[in-house]
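Structure at a glance
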Amino acid sequence: MKLVTAVIQPHRLDDVKAALEAAGIRGMTVSEASGYGRQRGHTEVYRGAEYTVDLVPKVRVEVLVESEAGTAVADVIVQAAQTGKIGDGKVWVVPVEDVVRVRTGERGAGAL
Amino acid sequence: MELDSGLTAWMLTSASLVLLMTPGLALFYGGMTRSKSVLNMMMMSFGAMGVVGVVYVLWGWSMSYGESVGGFFGNPFAEFGLSGGNIFAEDGSAVIVDGLPTIVDVGFQATFAIITVALISGAIADRVRFAPWLVFTAIWVTLSYFPMAHMVWSGGLLSDEGPFASIASPIDFAGGTVVHINAGVAALVLALIIGKRKGFGREPMRPHNLTLVMLGAGLLWFGWFGFNGGSAYGADGAAGLAWVNTTTATAAAILGWLVIEKIRDGHPTSLGAASGVVAGLVAVTPAAGDISPVGAIPLGLIAGALSALAVGLKYKLGYDDSLDVVGVHLVAGLWGTLALGFLATGERGLFYGGGVGQLAVQAIIALVAIVISGVVTLVIGLAIKATMGWRVAEETEVAGIDLGEHSESAYDIAPARIASEVK
(Lines give C-alpha, C1' and ligand atoms only; values in the text may rest on other atoms or scores of the structure.)
Protein backbone atom coordinates (compact mmCIF):
# COMPACT_ATOMS: atom_id res chain seq x y z
CA MET A 1 0.00 0.00 0.00
CA LYS A 2 1.06 3.55 -0.60
CA LEU A 3 0.27 6.90 0.95
CA VAL A 4 0.01 9.63 -1.64
CA THR A 5 0.41 13.08 -0.06
CA ALA A 6 -0.11 16.25 -2.06
CA VAL A 7 0.40 19.84 -0.95
CA ILE A 8 -1.49 21.96 -3.47
CA GLN A 9 -2.92 25.42 -4.07
CA PRO A 10 -6.18 25.80 -2.11
CA HIS A 11 -8.10 26.89 -5.19
CA ARG A 12 -7.26 23.63 -7.00
CA LEU A 13 -8.80 21.42 -4.30
CA ASP A 14 -12.20 21.03 -6.00
CA ASP A 15 -10.57 19.94 -9.26
CA VAL A 16 -8.29 17.49 -7.49
CA LYS A 17 -11.24 16.00 -5.58
CA ALA A 18 -13.25 15.62 -8.77
CA ALA A 19 -10.32 14.04 -10.61
CA LEU A 20 -9.66 11.56 -7.79
CA GLU A 21 -13.33 10.61 -7.61
CA ALA A 22 -13.36 10.09 -11.38
CA ALA A 23 -10.29 7.85 -10.99
CA GLY A 24 -12.21 5.67 -8.53
CA ILE A 25 -10.65 6.90 -5.29
CA ARG A 26 -13.26 6.65 -2.56
CA GLY A 27 -11.67 8.45 0.36
CA MET A 28 -9.21 11.16 1.19
CA THR A 29 -8.07 13.36 4.06
CA VAL A 30 -7.84 17.10 3.48
CA SER A 31 -6.20 19.52 5.88
CA GLU A 32 -5.17 23.14 5.84
CA ALA A 33 -1.45 23.65 5.64
CA SER A 34 0.96 26.52 5.25
CA GLY A 35 4.48 26.62 4.00
CA TYR A 36 6.73 27.72 1.22
CA GLY A 37 8.83 26.31 -1.53
CA ARG A 38 11.44 27.93 -3.71
CA GLN A 39 9.40 31.10 -4.22
CA ARG A 40 9.48 31.91 -0.46
CA GLY A 41 5.96 33.21 -0.05
CA HIS A 42 5.03 36.74 -1.04
CA THR A 43 5.73 40.33 -0.07
CA GLU A 44 3.29 42.90 1.32
CA VAL A 45 3.83 46.67 1.49
CA TYR A 46 2.53 48.87 4.33
CA ARG A 47 3.18 52.60 3.97
CA GLY A 48 6.21 51.84 1.83
CA ALA A 49 7.73 49.30 4.24
CA GLU A 50 8.04 45.85 2.69
CA TYR A 51 7.24 42.68 4.63
CA THR A 52 7.92 39.11 3.46
CA VAL A 53 5.25 36.58 4.34
CA ASP A 54 7.04 33.22 4.15
CA LEU A 55 4.25 30.84 5.04
CA VAL A 56 1.51 30.89 2.44
CA PRO A 57 -1.74 28.94 2.79
CA LYS A 58 -1.86 25.51 1.14
CA VAL A 59 -4.07 22.44 1.23
CA ARG A 60 -2.73 19.00 2.03
CA VAL A 61 -4.49 15.99 0.47
CA GLU A 62 -3.71 12.47 1.64
CA VAL A 63 -4.90 9.29 -0.09
CA LEU A 64 -4.19 5.65 0.80
CA VAL A 65 -4.12 3.34 -2.22
CA GLU A 66 -2.92 -0.10 -3.25
CA SER A 67 0.74 -0.23 -4.16
CA GLU A 68 0.32 -0.49 -7.92
CA ALA A 69 -2.00 2.57 -8.01
CA GLY A 70 0.40 4.94 -6.23
CA THR A 71 2.09 6.50 -9.22
CA ALA A 72 -1.12 6.74 -11.25
CA VAL A 73 -2.92 8.56 -8.41
CA ALA A 74 -0.01 10.94 -8.07
CA ASP A 75 -0.27 11.67 -11.77
CA VAL A 76 -4.02 12.32 -11.49
CA ILE A 77 -3.39 14.84 -8.72
CA VAL A 78 -0.58 16.57 -10.60
CA GLN A 79 -2.75 16.91 -13.69
CA ALA A 80 -5.67 18.36 -11.74
CA ALA A 81 -3.60 20.67 -9.54
CA GLN A 82 -1.30 22.10 -12.16
CA THR A 83 -1.63 25.77 -13.13
CA GLY A 84 1.93 26.18 -14.39
CA LYS A 85 2.59 29.02 -11.97
CA ILE A 86 5.05 29.12 -9.08
CA GLY A 87 3.57 27.66 -5.89
CA ASP A 88 1.63 24.76 -7.44
CA GLY A 89 2.96 22.40 -4.76
CA LYS A 90 4.38 18.87 -4.46
CA VAL A 91 3.13 15.31 -4.51
CA TRP A 92 4.97 12.38 -2.96
CA VAL A 93 4.34 8.67 -2.54
CA VAL A 94 5.56 6.63 0.44
CA PRO A 95 5.12 2.95 1.31
CA VAL A 96 2.66 2.05 4.09
CA GLU A 97 3.17 -1.06 6.24
CA ASP A 98 -0.39 -1.71 7.32
CA VAL A 99 -3.83 -0.13 7.38
CA VAL A 100 -6.66 -0.96 9.81
CA ARG A 101 -10.30 0.08 9.42
CA VAL A 102 -11.31 1.20 12.87
CA ARG A 103 -14.98 0.14 12.60
CA THR A 104 -14.41 -3.48 11.60
CA GLY A 105 -10.79 -4.24 12.36
CA GLU A 106 -10.12 -5.23 8.71
CA ARG A 107 -6.48 -4.98 7.73
CA GLY A 108 -4.44 -4.37 4.59
CA ALA A 109 -6.05 -3.89 1.17
CA GLY A 110 -9.46 -4.80 2.57
CA ALA A 111 -9.38 -1.74 4.81
CA LEU A 112 -8.87 0.73 1.97
CA MET B 1 -28.44 88.32 23.80
CA GLU B 2 -31.06 86.11 22.25
CA LEU B 3 -30.41 82.41 21.70
CA ASP B 4 -29.86 81.31 18.08
CA SER B 5 -31.33 77.83 18.24
CA GLY B 6 -30.13 76.88 14.74
CA LEU B 7 -26.54 77.79 15.63
CA THR B 8 -26.81 76.11 19.02
CA ALA B 9 -28.16 72.91 17.47
CA TRP B 10 -25.34 72.89 14.93
CA MET B 11 -22.65 73.48 17.56
CA LEU B 12 -24.00 70.70 19.80
CA THR B 13 -24.01 68.43 16.76
CA SER B 14 -20.48 69.50 15.87
CA ALA B 15 -19.25 68.85 19.40
CA SER B 16 -20.75 65.36 19.25
CA LEU B 17 -19.14 64.74 15.87
CA VAL B 18 -15.73 65.82 17.14
CA LEU B 19 -16.08 63.61 20.21
CA LEU B 20 -16.74 60.66 17.87
CA MET B 21 -13.37 61.27 16.24
CA THR B 22 -11.50 59.93 19.25
CA PRO B 23 -13.10 56.44 19.24
CA GLY B 24 -12.62 56.63 15.46
CA LEU B 25 -8.94 57.34 16.04
CA ALA B 26 -8.81 54.40 18.46
CA LEU B 27 -10.02 52.12 15.65
CA PHE B 28 -7.65 53.72 13.11
CA TYR B 29 -4.65 53.34 15.39
CA GLY B 30 -5.79 50.03 16.90
CA GLY B 31 -5.99 48.32 13.52
CA MET B 32 -2.47 49.44 12.68
CA THR B 33 -0.86 47.85 15.73
CA ARG B 34 -0.07 44.17 16.16
CA SER B 35 -2.88 42.04 17.61
CA LYS B 36 -1.13 41.84 20.99
CA SER B 37 -1.21 45.65 21.39
CA VAL B 38 -4.58 46.73 20.00
CA LEU B 39 -6.38 47.18 23.33
CA ASN B 40 -3.60 49.28 24.82
CA MET B 41 -3.62 51.45 21.71
CA MET B 42 -7.36 51.99 22.02
CA MET B 43 -7.04 52.58 25.76
CA MET B 44 -4.62 55.44 25.15
CA SER B 45 -7.41 57.23 23.25
CA PHE B 46 -10.05 56.38 25.85
CA GLY B 47 -7.62 57.37 28.61
CA ALA B 48 -7.21 60.77 26.94
CA MET B 49 -11.01 61.12 26.92
CA GLY B 50 -11.10 60.33 30.62
CA VAL B 51 -8.38 62.70 31.73
CA VAL B 52 -8.94 65.66 29.40
CA GLY B 53 -12.73 65.45 29.71
CA VAL B 54 -12.35 66.16 33.44
CA VAL B 55 -9.42 68.59 33.28
CA TYR B 56 -11.12 70.73 30.67
CA VAL B 57 -13.99 71.87 32.87
CA LEU B 58 -11.68 72.37 35.86
CA TRP B 59 -8.99 74.60 34.33
CA GLY B 60 -8.86 73.86 30.59
CA TRP B 61 -11.46 76.36 29.50
CA SER B 62 -10.06 78.99 31.82
CA MET B 63 -6.51 78.50 30.51
CA SER B 64 -7.70 78.55 26.90
CA TYR B 65 -10.23 81.37 26.91
CA GLY B 66 -9.93 83.03 30.30
CA GLU B 67 -8.28 86.28 31.27
CA SER B 68 -4.97 86.44 29.35
CA VAL B 69 -1.59 86.22 31.05
CA GLY B 70 0.73 88.07 28.66
CA GLY B 71 -0.90 86.61 25.55
CA PHE B 72 0.52 83.17 26.38
CA PHE B 73 -2.26 81.48 28.34
CA GLY B 74 -5.42 82.19 30.25
CA ASN B 75 -5.44 82.43 34.04
CA PRO B 76 -6.43 78.91 35.18
CA PHE B 77 -8.06 80.23 38.35
CA ALA B 78 -10.14 82.99 36.77
CA GLU B 79 -12.80 80.56 35.62
CA PHE B 80 -11.77 77.42 37.48
CA GLY B 81 -14.59 74.89 37.27
CA LEU B 82 -16.43 77.19 34.84
CA SER B 83 -17.18 79.47 37.78
CA GLY B 84 -16.05 82.89 36.59
CA GLY B 85 -19.45 84.19 35.56
CA ASN B 86 -18.81 84.09 31.81
CA ILE B 87 -20.55 80.75 31.37
CA PHE B 88 -23.31 80.79 33.97
CA ALA B 89 -24.94 84.00 35.15
CA GLU B 90 -25.56 84.59 38.86
CA ASP B 91 -29.09 83.23 38.54
CA GLY B 92 -27.64 79.99 37.09
CA SER B 93 -28.83 80.62 33.53
CA ALA B 94 -26.44 80.04 30.64
CA VAL B 95 -24.60 83.09 29.33
CA ILE B 96 -25.20 83.54 25.60
CA VAL B 97 -22.63 85.20 23.34
CA ASP B 98 -23.50 85.91 19.70
CA GLY B 99 -26.51 83.60 19.92
CA LEU B 100 -24.57 80.65 21.38
CA PRO B 101 -24.58 79.56 25.02
CA THR B 102 -20.93 79.58 26.06
CA ILE B 103 -21.39 76.22 27.80
CA VAL B 104 -21.96 74.70 24.32
CA ASP B 105 -18.62 76.12 23.20
CA VAL B 106 -16.99 74.61 26.30
CA GLY B 107 -18.18 71.18 25.13
CA PHE B 108 -17.06 71.82 21.55
CA GLN B 109 -13.60 73.00 22.61
CA ALA B 110 -13.12 70.15 25.11
CA THR B 111 -13.46 67.62 22.29
CA PHE B 112 -10.61 69.34 20.40
CA ALA B 113 -8.32 69.05 23.40
CA ILE B 114 -9.20 65.36 23.80
CA ILE B 115 -8.44 64.35 20.21
CA THR B 116 -5.22 66.37 20.10
CA VAL B 117 -3.71 64.44 22.99
CA ALA B 118 -5.01 61.13 21.67
CA LEU B 119 -3.29 61.82 18.32
CA ILE B 120 0.12 61.76 20.02
CA SER B 121 -0.36 58.21 21.29
CA GLY B 122 0.18 56.73 17.82
CA ALA B 123 3.88 57.60 17.98
CA ILE B 124 4.52 55.62 21.14
CA ALA B 125 2.41 52.51 20.53
CA ASP B 126 3.20 49.13 22.06
CA ARG B 127 5.76 50.14 24.67
CA VAL B 128 4.51 52.71 27.15
CA ARG B 129 2.96 52.06 30.56
CA PHE B 130 -0.58 53.29 30.94
CA ALA B 131 -0.05 55.34 34.13
CA PRO B 132 2.71 57.61 32.70
CA TRP B 133 0.54 58.12 29.64
CA LEU B 134 -2.34 59.41 31.76
CA VAL B 135 -0.01 61.68 33.73
CA PHE B 136 1.50 62.99 30.49
CA THR B 137 -1.99 63.60 29.13
CA ALA B 138 -2.93 65.83 32.06
CA ILE B 139 0.33 67.80 32.09
CA TRP B 140 0.75 68.17 28.33
CA VAL B 141 -2.78 69.37 27.71
CA THR B 142 -2.25 71.92 30.50
CA LEU B 143 1.17 73.21 29.44
CA SER B 144 1.05 72.83 25.66
CA TYR B 145 -2.51 72.55 24.34
CA PHE B 146 -4.36 75.11 26.46
CA PRO B 147 -1.68 77.81 26.00
CA MET B 148 -1.53 77.13 22.25
CA ALA B 149 -5.32 77.36 21.97
CA HIS B 150 -5.15 80.65 23.87
CA MET B 151 -2.35 82.03 21.69
CA VAL B 152 -4.13 81.20 18.43
CA TRP B 153 -7.84 81.46 19.15
CA SER B 154 -8.20 83.77 22.10
CA GLY B 155 -6.37 86.90 21.07
CA GLY B 156 -2.93 85.67 22.13
CA LEU B 157 0.54 85.74 20.62
CA LEU B 158 -0.32 83.86 17.40
CA SER B 159 -3.72 85.40 16.77
CA ASP B 160 -4.79 88.38 14.69
CA GLU B 161 -4.34 90.48 17.83
CA GLY B 162 -0.75 89.32 18.36
CA PRO B 163 2.51 90.99 17.31
CA PHE B 164 2.80 89.09 14.00
CA ALA B 165 -0.55 90.41 12.81
CA SER B 166 1.22 93.59 11.67
CA ILE B 167 2.65 91.51 8.79
CA ALA B 168 -0.66 89.82 7.92
CA SER B 169 -3.50 88.30 9.90
CA PRO B 170 -2.51 84.70 10.81
CA ILE B 171 -4.98 82.01 9.71
CA ASP B 172 -5.66 78.81 11.66
CA PHE B 173 -9.29 77.99 10.99
CA ALA B 174 -9.68 74.79 13.00
CA GLY B 175 -6.30 73.85 14.40
CA GLY B 176 -3.34 73.41 12.05
CA THR B 177 -0.99 74.81 14.70
CA VAL B 178 -3.01 74.13 17.86
CA VAL B 179 -3.92 70.56 16.99
CA HIS B 180 -1.76 69.03 14.29
CA ILE B 181 1.62 70.74 14.49
CA ASN B 182 1.30 70.66 18.28
CA ALA B 183 0.51 66.91 18.35
CA GLY B 184 2.98 66.09 15.56
CA VAL B 185 5.92 67.77 17.28
CA ALA B 186 4.99 66.21 20.63
CA ALA B 187 4.85 62.82 18.89
CA LEU B 188 8.34 63.26 17.47
CA VAL B 189 9.81 64.40 20.77
CA LEU B 190 8.21 61.55 22.73
CA ALA B 191 9.28 58.95 20.15
CA LEU B 192 12.86 60.19 20.59
CA ILE B 193 12.69 60.24 24.40
CA ILE B 194 10.99 56.86 24.78
CA GLY B 195 12.98 55.04 22.13
CA LYS B 196 12.21 52.37 19.59
CA ARG B 197 9.99 49.35 20.00
CA LYS B 198 11.96 46.20 20.62
CA GLY B 199 12.73 44.72 17.24
CA PHE B 200 11.91 47.91 15.29
CA GLY B 201 13.20 47.58 11.74
CA ARG B 202 14.00 43.89 12.21
CA GLU B 203 10.75 42.19 13.22
CA PRO B 204 7.56 42.52 11.20
CA MET B 205 5.17 45.05 12.77
CA ARG B 206 2.49 45.13 10.15
CA PRO B 207 -1.10 46.23 10.86
CA HIS B 208 -3.17 43.40 12.30
CA ASN B 209 -6.58 44.51 11.03
CA LEU B 210 -6.94 46.86 8.08
CA THR B 211 -10.75 46.74 8.21
CA LEU B 212 -10.55 48.50 11.60
CA VAL B 213 -8.20 51.05 10.05
CA MET B 214 -10.65 51.77 7.21
CA LEU B 215 -13.58 52.02 9.64
CA GLY B 216 -11.60 54.37 11.87
CA ALA B 217 -10.61 56.57 8.93
CA GLY B 218 -14.27 56.75 7.88
CA LEU B 219 -15.36 57.80 11.37
CA LEU B 220 -12.58 60.39 11.50
CA TRP B 221 -13.77 61.89 8.22
CA PHE B 222 -17.37 61.99 9.49
CA GLY B 223 -16.32 63.55 12.79
CA TRP B 224 -14.13 66.07 11.00
CA PHE B 225 -17.25 67.76 9.64
CA GLY B 226 -17.83 68.88 13.21
CA PHE B 227 -14.20 69.87 13.58
CA ASN B 228 -14.12 72.11 10.52
CA GLY B 229 -17.81 72.80 9.98
CA GLY B 230 -18.27 73.70 13.63
CA SER B 231 -15.27 76.00 13.55
CA ALA B 232 -17.26 78.32 11.30
CA TYR B 233 -19.38 79.09 14.39
CA GLY B 234 -22.48 79.35 12.27
CA ALA B 235 -25.05 77.11 10.60
CA ASP B 236 -24.42 79.04 7.44
CA GLY B 237 -22.50 79.35 4.19
CA ALA B 238 -19.15 79.53 5.97
CA ALA B 239 -19.85 76.13 7.55
CA GLY B 240 -20.95 74.87 4.14
CA LEU B 241 -17.70 76.07 2.58
CA ALA B 242 -15.71 74.36 5.33
CA TRP B 243 -17.72 71.14 4.76
CA VAL B 244 -17.11 71.15 1.01
CA ASN B 245 -13.42 72.03 1.36
CA THR B 246 -13.01 69.27 3.94
CA THR B 247 -14.45 66.70 1.58
CA THR B 248 -12.67 67.95 -1.53
CA ALA B 249 -9.21 68.15 0.04
CA THR B 250 -9.63 64.75 1.64
CA ALA B 251 -10.76 63.15 -1.60
CA ALA B 252 -7.77 64.66 -3.40
CA ALA B 253 -5.41 63.48 -0.65
CA ILE B 254 -6.56 59.87 -1.13
CA LEU B 255 -5.56 60.21 -4.79
CA GLY B 256 -2.25 61.90 -3.94
CA TRP B 257 -1.27 59.12 -1.52
CA LEU B 258 -2.33 56.32 -3.89
CA VAL B 259 -0.44 57.76 -6.86
CA ILE B 260 2.78 57.82 -4.83
CA GLU B 261 2.17 54.24 -3.71
CA LYS B 262 1.46 53.02 -7.23
CA ILE B 263 4.66 54.60 -8.51
CA ARG B 264 6.85 53.63 -5.56
CA ASP B 265 5.47 50.24 -4.44
CA GLY B 266 3.43 49.03 -7.40
CA HIS B 267 0.12 48.76 -5.52
CA PRO B 268 -2.44 51.27 -4.27
CA THR B 269 -3.22 49.97 -0.75
CA SER B 270 -6.15 50.28 1.64
CA LEU B 271 -3.80 51.53 4.37
CA GLY B 272 -2.65 54.18 1.90
CA ALA B 273 -6.22 55.26 1.16
CA ALA B 274 -7.07 55.44 4.88
CA SER B 275 -3.86 57.36 5.60
CA GLY B 276 -4.56 59.69 2.67
CA VAL B 277 -7.93 60.48 4.25
CA VAL B 278 -6.24 61.56 7.47
CA ALA B 279 -3.50 63.53 5.68
CA GLY B 280 -6.13 65.44 3.70
CA LEU B 281 -8.24 66.13 6.77
CA VAL B 282 -5.20 67.40 8.64
CA ALA B 283 -4.05 69.68 5.83
CA VAL B 284 -7.47 71.24 5.29
CA THR B 285 -8.01 71.88 9.00
CA PRO B 286 -6.26 75.27 9.15
CA ALA B 287 -7.53 76.21 5.70
CA ALA B 288 -11.14 74.99 5.53
CA GLY B 289 -12.73 78.43 5.84
CA ASP B 290 -10.24 80.45 3.83
CA ILE B 291 -9.72 78.61 0.53
CA SER B 292 -11.95 77.87 -2.44
CA PRO B 293 -13.18 74.34 -3.19
CA VAL B 294 -10.96 74.34 -6.29
CA GLY B 295 -8.01 75.42 -4.15
CA ALA B 296 -8.77 72.49 -1.85
CA ILE B 297 -7.82 70.08 -4.66
CA PRO B 298 -4.08 70.90 -4.87
CA LEU B 299 -4.01 71.39 -1.10
CA GLY B 300 -5.24 67.81 -0.61
CA LEU B 301 -3.31 66.22 -3.47
CA ILE B 302 -0.01 67.59 -2.22
CA ALA B 303 -0.86 66.71 1.41
CA GLY B 304 -1.47 63.07 0.45
CA ALA B 305 1.67 62.85 -1.66
CA LEU B 306 3.88 64.61 0.91
CA SER B 307 2.70 62.43 3.78
CA ALA B 308 3.07 59.24 1.72
CA LEU B 309 6.68 60.20 1.11
CA ALA B 310 7.26 61.42 4.68
CA VAL B 311 6.24 58.20 6.45
CA GLY B 312 9.46 56.59 5.24
CA LEU B 313 11.54 59.18 7.12
CA LYS B 314 11.46 57.21 10.35
CA TYR B 315 13.36 54.34 8.75
CA LYS B 316 15.88 56.71 7.18
CA LEU B 317 16.40 58.80 10.32
CA GLY B 318 16.02 55.94 12.79
CA TYR B 319 13.26 57.12 15.15
CA ASP B 320 10.29 54.90 15.88
CA ASP B 321 7.14 56.93 15.31
CA SER B 322 5.07 53.73 15.40
CA LEU B 323 1.98 54.82 13.47
CA ASP B 324 3.42 57.82 11.59
CA VAL B 325 1.98 60.70 13.60
CA VAL B 326 4.94 62.82 12.47
CA GLY B 327 4.67 61.80 8.82
CA VAL B 328 0.94 62.46 8.71
CA HIS B 329 0.03 65.11 11.31
CA LEU B 330 3.17 67.20 11.47
CA VAL B 331 3.91 67.12 7.74
CA ALA B 332 0.32 67.61 6.54
CA GLY B 333 -0.34 70.13 9.34
CA LEU B 334 2.69 72.17 8.29
CA TRP B 335 1.72 71.94 4.66
CA GLY B 336 -1.87 73.07 5.34
CA THR B 337 -0.66 75.98 7.45
CA LEU B 338 1.90 77.10 4.86
CA ALA B 339 -0.36 76.44 1.85
CA LEU B 340 -2.61 79.24 3.05
CA GLY B 341 0.18 81.59 2.00
CA PHE B 342 -0.59 80.52 -1.56
CA LEU B 343 -4.24 79.50 -1.49
CA ALA B 344 -6.00 81.87 0.93
CA THR B 345 -8.76 83.67 -0.96
CA GLY B 346 -9.65 87.33 -0.55
CA GLU B 347 -6.37 88.68 -1.93
CA ARG B 348 -4.35 87.10 0.86
CA GLY B 349 -2.60 84.10 -0.73
CA LEU B 350 -0.04 84.54 -3.50
CA PHE B 351 -2.29 82.81 -6.06
CA TYR B 352 -5.17 85.14 -5.25
CA GLY B 353 -3.40 88.44 -5.60
CA GLY B 354 -1.85 88.66 -2.13
CA GLY B 355 1.78 89.39 -1.33
CA VAL B 356 4.28 87.29 0.57
CA GLY B 357 3.02 88.63 3.90
CA GLN B 358 0.48 85.85 4.42
CA LEU B 359 3.04 83.16 3.62
CA ALA B 360 5.54 84.76 5.98
CA VAL B 361 3.10 84.99 8.86
CA GLN B 362 1.94 81.42 8.33
CA ALA B 363 5.57 80.26 8.47
CA ILE B 364 6.15 82.29 11.63
CA ILE B 365 3.15 80.88 13.52
CA ALA B 366 4.13 77.35 12.42
CA LEU B 367 7.69 77.87 13.62
CA VAL B 368 6.63 79.34 16.96
CA ALA B 369 4.20 76.44 17.45
CA ILE B 370 7.00 73.94 16.70
CA VAL B 371 9.36 75.55 19.21
CA ILE B 372 6.81 75.90 22.01
CA SER B 373 5.44 72.39 21.58
CA GLY B 374 8.92 70.92 21.22
CA VAL B 375 10.34 72.54 24.34
CA VAL B 376 7.29 71.90 26.52
CA THR B 377 7.03 68.25 25.45
CA LEU B 378 10.76 67.73 25.95
CA VAL B 379 10.57 68.97 29.53
CA ILE B 380 7.47 66.92 30.38
CA GLY B 381 8.75 63.82 28.60
CA LEU B 382 12.13 63.89 30.35
CA ALA B 383 10.55 64.62 33.74
CA ILE B 384 8.29 61.58 33.42
CA LYS B 385 11.23 59.48 32.23
CA ALA B 386 13.25 60.49 35.30
CA THR B 387 10.46 59.94 37.81
CA MET B 388 7.90 57.32 36.77
CA GLY B 389 9.71 55.90 33.74
CA TRP B 390 7.87 55.42 30.47
CA ARG B 391 8.41 51.90 29.28
CA VAL B 392 6.98 48.53 30.11
CA ALA B 393 9.36 45.70 30.97
CA GLU B 394 11.01 44.06 27.98
CA GLU B 395 9.22 40.76 28.56
CA THR B 396 5.87 42.57 28.68
CA GLU B 397 6.64 44.22 25.35
CA VAL B 398 7.46 40.88 23.78
CA ALA B 399 4.52 39.00 25.29
CA GLY B 400 2.12 41.84 24.44
CA ILE B 401 1.29 45.06 26.21
CA ASP B 402 -2.44 44.23 26.30
CA LEU B 403 -1.80 41.35 28.64
CA GLY B 404 0.91 43.11 30.65
CA GLU B 405 -0.84 46.45 31.21
CA HIS B 406 -4.51 45.55 31.09
CA SER B 407 -4.67 41.81 31.76
CA GLU B 408 -6.79 41.37 28.66
CA SER B 409 -6.44 40.04 25.15
CA ALA B 410 -8.35 41.46 22.22
CA TYR B 411 -9.13 38.25 20.43
CA ASP B 412 -10.13 34.88 21.85
CA ILE B 413 -7.45 32.81 20.17
CA ALA B 414 -5.87 30.89 23.04
CA PRO B 415 -8.30 28.72 25.06
CA ALA B 416 -8.88 29.99 28.60
CA ARG B 417 -10.06 28.14 31.70
CA ILE B 418 -11.70 29.41 34.89
CA ALA B 419 -9.00 29.93 37.48
CA SER B 420 -11.33 29.78 40.47
CA GLU B 421 -15.02 29.09 41.04
CA VAL B 422 -17.26 31.67 39.35
CA LYS B 423 -19.56 33.30 41.88
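Reading guide: rules and limits
- Residues numbered from 1 in each chain as written.
- Chains lettered and ligands numbered in written order.
- Predicted model: local features only at pLDDT ≥ 70, side-chain atom pairs only at ≥ 80, totals over all residues.
- Heavy atoms only, no water.
- Helix = DSSP H or I, 4+ residues; strand = E, 2+ residues; numbered from the N terminus.
- Rg over C-alpha atoms; globule rule 2.2 N^0.38 Å.
- Contact = heavy atoms within 4.5 Å.
- Areas by Shrake-Rupley, 256 points an atom, 1.4 Å probe, with all protein chains shown as cover.
- Lys, Arg positive; Asp, Glu negative; His and termini not counted.
- Charge placed at Lys NZ, Arg CZ, Asp CG, Glu CD.
- Salt bridge = Lys/Arg side-chain N within 4 Å of Asp/Glu carboxyl O.
- Buried < 20%, exposed > 50% of the residue type's maximum accessible area, 1.4 Å probe, protein only.
- UniProt positions renumbered as here; feature names shortened; annotations may be inferred.
- Core = buried A, V, L, I, M, F, W, Y, C linked by side-chain atoms within 4.5 Å.

Here we look at the overall build of chain B
Within chain B one finds 14 helices and 4 strands. In terms of overall size, chain B behaves like a compact globule, its C-alpha atoms giving a radius of gyration of 21 Å where 423 residues would be expected to give roughly 22 Å. Along the first, second and third principal axes, the C-alpha set of chain B runs to 65 × 55 × 40 Å. For chain B, the proportion of contacts with a sequence separation of at least 24, taken over those separated by at least 6, is 76%. By element, 67% of the accessible surface of chain B is carried by carbon and sulfur atoms, the whole surface being about 16200 Å². Side-chain charges of chain B comprise 18 positive and 29 negative groups, with the mean position of each set lying 20 Å from the other.

Things to note about the pattern of salt bridges
This structure, assessed with the given rule, holds 14 salt bridges over all chains. Where Asp324 of chain B meets Arg47 of chain A, a salt bridge forms, and the shortest distance between an N and an O atom there is 2.9 Å. Taken as a pair, Asp324 of chain B in the loop between α10 (313-317) and α11 (325-343) and Arg47 of chain A in the loop between β3 (42-46) and β4 (49-53) lie in two separate chains rather than in one. Accessibility classification places Asp324 of chain B together with Arg47 of chain A in one group, the buried group. Arg60 of chain A is the partner of Glu62 of chain A in a salt bridge, and the nearest nitrogen-oxygen pair spans 3.5 Å. Assessed through its relative accessible area of 31%, Arg60 of chain A is described here as partly exposed. One salt-bridge network, in which partners are shared between bridges, spans Arg34, Asp126, Arg197 and Asp320 of chain B.

Notes on the UniProt feature "domain: Ammonium transporter AmtB-like" (unreviewed entry) in chain B
Within this numbering scheme, the UniProt entry marks residues 9-411 of chain B as carrying the feature "domain: Ammonium transporter AmtB-like" (unreviewed entry). Span residues 9-411 of chain B is 66% helix and 2% strand, its end C-alpha atoms 40 Å apart.

Points about the nonpolar core
Phe28, Tyr145 and Leu299 of chain B are the most contacted members of the largest nonpolar core, which has 126 residues in total. Each residue touching Phe28 of chain B, except ones within four places of it in the same chain, is listed here: Arg47 of chain A together with Leu212, Val213, Gly216, Ala217, Leu220, Ala274, Ser275 and Val278 of chain B. In terms of nonpolar packing, the next biggest core, distinct from the first, is built from 16 residues, Ile8, Val73, Ala74 and Ile77 of chain A among them.

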